[in-house]
Amino acid sequence: MARTDDRYNVKETEAKWQGVWERRGCFLAAEDSPKPKYYVLEMFPYPSGRIHMGHVRNYTLGDVVARYKRAKGFNVLHPMGWDAFGLPAENAAIERGIHPAKWTRENIAAMREQLKSMGLSYDWTREVATCEPEYYRHEQRMFLDFLKAGLVYRKESWVNWDPVENTVLANEQVIDGRGWRSGALVEKRRLAQWFLKITDYADDLLDSLKTLERWPDRVRVMQENWIGRSEGLRLRWALTGRPDTLEIFTTRPDTLFGAAFCAISPNHPLAAELAAGDAGLAGFVAECNRMGTSEAVLETAEKKGWDTRLKALHPLVPGWEIPVYVANFVLMDYGTGAVFGCPAHDQRDLDFARKYGLPVTPVVLPPGADARSFAVGAEAYDGEGTLFNSGFLDGLGVAEAKAKVSDRLEAEGRGTRTVNWRLRDWGVSRQRYWGCPIPVIHCPSCGVVPVPERDLPVRLPEDVTFDKPGNPLDHHPTWKHVACPTCGGAARRETDTFDTFFESSWYFARYCSPKRDDVAFGRAAADYWLPVDQYIGGIEHAVLHLLYSRFFTRAMRDCGYLAVKEPFDGLLTQGMVCHETFKTADGAWVYPDEVVKTDDGTLAEAGTGRAVVAGRSEKMSKSKRNVVDPAHIIATYGADTARLFMLSDSPPERDLEWTEAGIDGAWRYVNRLWRMVAAPAAPLPAPGTAMPDLSAEALKLRRLIHRTIAVVGEDLERFHFNKAVARIREMTNGLGELAADDAGAGWVLREGLEIAARLIGPMMPHLAEEMWAALGHDTLLADAPWPEADPALLVDDTVTVAIQVNGKLRATIELAKDADAKVAEAAALAQPAVAAAMAGKPARKIVVVPNRIVNVVV
RNA sequence: GCGGACGUGGCGGAACCGGUAGACGCAGCGGACUUAAAAUCCGCAGGCCCUGGCCAUGGGGGUUCGAGUCCCCCCGUCCGCACCA
């Protein structure tokens, strides 16, 4: 447990060095440095009011990179700011009567202090908060530039509508089809909204993923799937008794002869038209519209359809009529909002066909199957095969059949080969107060008019109330009423605000010149600093934030803002911080620090004495109360201990399990390091003393020290922080074992302690400075270069070689490095254990891998 | 449902290109110091028979002189799915 009377006084020491760094401006980035630049960025936080362990992990990782790169001689930009618009501020306003602006600004102040207590090497002079007009004015102008460039348009789209609160709900606010606060059944509504044409860049966003070599593969794959390029055919089907046609999109035109139905989205214009004269269908459409807008909900819901009685004529077989259904699983936003179903070769179509008694005709024969007996049971066949039951396509493979049928339908003018994208344009309108106002004006005579540049920024009014349902901007008595900039007549401001992903799509560029009022960022500064060399944040942002930022960077480039097209050169996605959960018998979650061990070894809640059971470890969340407050940990053990724990054990990309025992272990190591310097095991020579003669033991230790420098450097380059910590611990274990107390031992001990301080510098910067000072230096470790290993100490003259018989380890021997294969063989066969394992049989073969193993096969 | 990842001792994790599985730490056990405890230091430690072996990397197959690592099948857990950030 932490004790303030320990010789290493964490509180004072950490505060002292934080003050020194700040006074000396150690971490200010310079634009005129001769050093190479390095821009390291952690995803900026939403100012919820208190930092959580996820922040501690994220910012510790970034700080290690920043400090390490600085020591390696880079001119480092390492900024921090606030993603300050968002829904929680409005919730606070509604629930607790605090104005979102006040709430947000107070939260920022509190969190800034908490971050500062972590000793992070930020250039705080570059801090930004996205909710301030100094920030968002630039994105309003950017939006208008995008508008001019044709990247912005307005269209109607579907939203979750809460009829009681009179507001649009986020997907997470829809629980089982009802509004989270009102409990009212959620409706889908069409609203006119602003969209950014991210699909214009779909090809490039997809292709360029290949160039992002320092991104995790899984993020690239997730983006690839998200963009979802698919090649297929748009195909028009004639309808019986109607002059118009139904256009569907399919990636499987080869299965057309197995078609059993067509299905259109409940939001398809045809569905709306038919519903007008069919109360049953209208009811079905309304039911579908209560389902919510999220894909996960649609895909997992029971597949349901409504037979419109309308028939579509098969495009290849004259006279073949196919029923047209309205189906809840067809998305209006994807393709044409209409599909044809081939039950034999698509699972969803098969489920649908079974439910509504539609025919299941196989048309692709799996390799080796018999055409006469092949039938589809409970599972659709979506693999390769040979076409049958398919007229002119019979005998072809799937790919050939696709080509042939597409050729014919294109020639007949009924179909068009198309590339379809899963990616949809980015809807940026939000019917919310706490966001950046969209800078346009609606005029009854001129239509949509952009706010003239001279009138920017459109400021968010602060005198609003939250007592009525709906958007406070709409209720404001004066704000939305303006004169039209074009005709001067009475007009109305857009009361929607931007999606908060808007702010986070360009903040990395704002940090390049955060103080400029005239432009979002200086061109020269952006050219110098961008792209971000290393970006670090949670895997939960793998698709949206990162994709939007990639799109924004391209859009900004095309509007002349900057030169790069990819914002983040390297990406590290960290795992979550997890903790054991605790519950009482009646299911109430209990905070870990309220759980005590009773005398008989069971767990109980501290206040009430109620029995508590420990559950599995899960992501720390307020709702499950399995949280540990970083502020408390830092106050008790210090920032270095918390940072060390974050870096030890788990690799950064994996989930990390927070444990009391683990933080204790880190705390013990902090103190152990401190004691090694405060009370060294052997007398230390003065700094800079020439190396005396070394004993064999001292030389061996020196080899360990230099090998550690080498491997820790490699580990940090690859973000293997847990391994780096292990290597440093190995080295300090070695220092602790040093027995001799001659001059050579003292000299090597000093070298080892100095190297220890320098290697832990990026991880535990306060302790490292304190050790460095205690070792007699009057310079700052924060300014010291990264240590270099002596190459002469990295090579050993002997190696340990494993000897196997039939692949099983039987002995290990010491051999000269790079010994001849013959020598290795002879040495291996001379081992008694090897002879015993061979049991008198002759060696059939001997595999020698130099410096590693000898495998004798008998 | 679709997509993605992960699975190694009691626990977190090491193991580079297929070459000594379990580095480093946590918990545990034994000892030293202490009146005692805490702290600290030293030692032991995957499992099973115990001379020496055998079995072990979610399960089952395969390739190889040799597989945690490569291939196929299966099981389990977690994450994302467009208005949370």
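Residues numbered from 1 in each chain as written. Chains lettered and ligands numbered in written order. Predicted model: local features only at pLDDT ≥ 70, side-chain atom pairs only at ≥ 80, totals over all residues. Heavy atoms only, no water.

Section: the overall build of chain A
And step 1. When its secondary structure is counted, chain A shows 26 helices and 34 strands.
And step 2. The dimensions of chain A, computed from C-alpha atoms along their principal axes, are 105 × 85 × 65 Å.
And step 3. A buried classification covers 52% of the 858 residues belonging to chain A.
And step 4. For chain A, the proportion of contacts with a sequence separation of at least 24, taken over those separated by at least 6, is 72%. (Helix = DSSP H or I, 4+ residues; strand = E, 2+ residues; numbered from the N terminus. Buried < 20%, exposed > 50% of the residue type's maximum accessible area, 1.4 Å probe, protein only. Contact = heavy atoms within 4.5 Å.)

Points about the sheet that holds strand E2 (residues 75–77)
And step 1. If you trace the four strands from one edge of the open sheet to the other, you get E2-E1-E24-E25, paired in parallel fashion. Each having just a single partner strand, E2 and strand E25 (571–574) make up the two edges of the open sheet. Across this sheet, the average inter-strand angle for adjacent strands is 15 degrees, counted without regard to direction.
And step 2. As paired strands, strand E1 (residues 37–42) and E2 are joined by three bridges and run parallel to one another. Bridge pairing in E2 places tyrosine 39 opposite leucine 77.
And step 3. Sheet contacts for helix H2 (residues 53–71): E1, E2, strand E24 (534–538) and E25; angle to E1, the most-contacted strand, approximately 175 degrees. (Pairing = 2+ DSSP bridges. Axes fitted to C-alpha atoms, helices over the stretch in contact; angles between N-to-C directions.)

Points about unusual backbone geometry
And step 1. In this chain, leucine 456 is followed by proline 457 through a cis amide linkage whose omega measures 0 degrees.
And step 2. Counting through the fold element by element, proline 457 comes out in the loop between strand E20 (447–450) and helix H13 (472–475).
And step 3. One non-glycine residue, alanine 839, adopts positive backbone phi at about 50 degrees.
And step 4. Tracing the backbone through its elements, the reader meets alanine 839 in the loop between helix H26 (832–838) and strand E33 (845–849).
And step 5. On the accessibility criterion, alanine 839 (57% relative accessible area) is exposed.
And step 6. Notably, asparagine 851 is not glycine yet its phi reads approximately 65 degrees, a positive angle.
And step 7. As for its placement among the helices and strands, asparagine 851 is situated in the loop between E33 and strand E34 (853–857).
And step 8. On the accessibility criterion, asparagine 851 (25% relative accessible area) is partly exposed.

Quick notes on the protein's contact with RNA strand B
And step 1. The environment of RNA strand B is made up of 64 residues, and the closest members are Asp83, Ala170, Lys723, Glu730 and Asn855.
And step 2. When atoms of RNA strand B within 4 Å of the protein are split into backbone and base, the sugar-phosphate part holds 64%.
And step 3. For the surface near RNA strand B, the element with the most residues is helix H22 (residues 721–737), which contributes seven residues.
And step 4. The class makeup of the residues in the surface near RNA strand B is 21 nonpolar, 18 polar and 25 charged. (Near = heavy atom within 4 Å. Nonpolar A, V, L, I, M, F, W, Y, C, P; charged D, E, K, R; others polar.)

With respect to a negative patch on the surface
And step 1. Together, Glu697, Glu737, Asp741 and Asp742 line one region of the surface with negative charge.
And step 2. Mapped onto the secondary structure, aspartate 742 falls in the loop between H22 and helix H23 (743–760).
And step 3. According to the relative accessible area criterion, aspartate 742 is partly exposed, its value standing at 37%. (Patch = residues over 30% accessible without salt bridge, like charges linked within 9 Å, V, L, I, M, F, W, Y side chains within 5 Å. Areas by Shrake-Rupley, 256 points an atom, 1.4 Å probe, with all protein chains shown as cover. Salt bridge = Lys/Arg side-chain N within 4 Å of Asp/Glu carboxyl O. Lys, Arg positive; Asp, Glu negative; His and termini not counted. Charge placed at Lys NZ, Arg CZ, Asp CG, Glu CD.)

Examining the packing of aromatic side chains
And step 1. Considering all chains together, one arrives at 43 aromatic pairs under this definition.
And step 2. Judged by centre distance (6.3 Å) and plane angle (75 degrees), the ring pair of tryptophan 426 and phenylalanine 551 falls under edge-to-face. Residue tryptophan 426 is found in strand E17 (residues 426–427), and its partner phenylalanine 551 is found in helix H17 (residues 544–558); the two are separated by 125 residues along the sequence.
And step 3. Among the aromatic residues, those joined into a cluster by ring pairs are Phe143, Phe146, Trp194, Tyr201, Trp426, Phe498, Phe501, Phe502, Tyr548, Phe551 and Phe552.
And step 4. When the ring centre of tryptophan 226 is taken as reference, the NZ or CZ atom of arginine 422 above it lies at 4.6 Å.
And step 5. Between arginine 493 and the ring centre of tryptophan 479, over which it is positioned, the NZ or CZ distance is 5.4 Å. (Phe/Tyr/Trp six-rings, centres within 6.5 Å; stacked < 30°, edge-to-face > 60°. Lys NZ or Arg CZ within 6 Å of the ring centre and 35° of its normal.)

Topic: the side chain of serine 549
And step 1. Mapped onto the elements of the fold, serine 549 is located in helix H17.
And step 2. A relative accessible area of 0% means that serine 549 is categorised as buried.
And step 3. Discounting residues that sit within four places of it in the chain, serine 549 has contacts with Ser504, Ser505, Phe508, Pro567 and Phe568.

Let's talk about the packing of H2 against helix H19 (residues 639–647)
And step 1. Across the interface, H2 lies against H19 with an axial gap of 9 Å and an inter-helix angle of 90 degrees. Viewed along their axes, H2 and H19 adopt a mutual orientation that is roughly perpendicular. Counted together, Met53, Val56, Arg57, Thr60, Leu61, Asp63, Val64 and Arg67 of H2 and Arg643, Met646 and Leu647 of H19 form the full contact between these two elements.
And step 2. Residue classes in the contact of H2 with H19 are distributed as six nonpolar, one polar and four charged. (Parallel < 35°, antiparallel > 145°, perpendicular 65-115°, else oblique.)

Focus: the pairing of strand E9 (residues 245–250)
And step 1. Bridge count for strand E8 (residues 229–239) against E9 is six bridges, and the pairing is antiparallel. Counted as the bridge partner of arginine 236 is glutamate 247 from E9.
And step 2. As consecutive antiparallel partners, E8 and E9 are separated by five residues, and within that stretch glycine 241 has a phi angle of approximately 75 degrees, a positive value.

Regarding the sheet that holds strand E32 (residues 808–816)
And step 1. Read from one edge of the open sheet, four strands run E32-E31-E34-E33, paired in mixed fashion. Every interior strand has two partners, whereas the edge strands, E32 and E33, have only one. Direction aside, neighbouring strands of the sheet carry axes that sit 20 degrees apart on average.
And step 2. Strand direction decides the pairing type here: strand E31 (residues 798–805) and E34, joined by four bridges, are parallel.

Section: the packing of H19 against helix H24 (residues 765–774)
And step 1. In contact at an axis separation of 7 Å, H19 and H24 are set at 120 degrees when each is read in the N-to-C sense. Judged by the angle between their axes, H19 and H24 are oblique. Contact residues: Ala639, Asp640 and Arg643 in H19; Pro765, His766 and Leu767 in H24.
And step 2. Considered class by class, the residues forming the contact of H19 with H24 number three nonpolar, one polar and two charged.

Some thoughts on the confidence of the model for chain A
And step 1. The pLDDT averaged across chain A works out to 89; a share of 98% of its residues lies at or above 70.
And step 2. Considering only residues more than four positions removed or in separate chains, one finds that residues 1–6, a stretch of pLDDT under 50, has 11 contacts.
And step 3. Prediction confidence for the complex, expressed as pTM and ipTM, is 0.92 and 0.92 respectively. (pLDDT = per-residue confidence, 0-100.)

Considering the state of the cysteines
And step 1. Per the counting criterion, the structure on display carries zero disulfides.
And step 2. Between cysteine 342, a free cysteine, and cysteine 262, which holds the nearest cysteine sulfur, the sulfur-to-sulfur gap is 12 Å.
And step 3. Residue cysteine 342 is classed as buried on the basis of its relative accessible area, which comes to 3%. (Disulfide = S-S within 2.5 Å.)

A closer look at the nonpolar core
And step 1. Residues Tyr39, Phe143, Leu196, Phe521, Phe552 and Trp658 are the most contacted members of the largest nonpolar core, which totals 173 residues.
And step 2. Looking at which element gives the most residues to this core, the answer is H23, with 10 residues.
And step 3. Apart from residues no more than four positions distant in its own chain, phenylalanine 521 is found in contact with Met142, Trp506, Ala509, Arg510, Ser513, Ala526, Met556, Tyr561 and Leu562. (Core = buried A, V, L, I, M, F, W, Y, C linked by side-chain atoms within 4.5 Å.)

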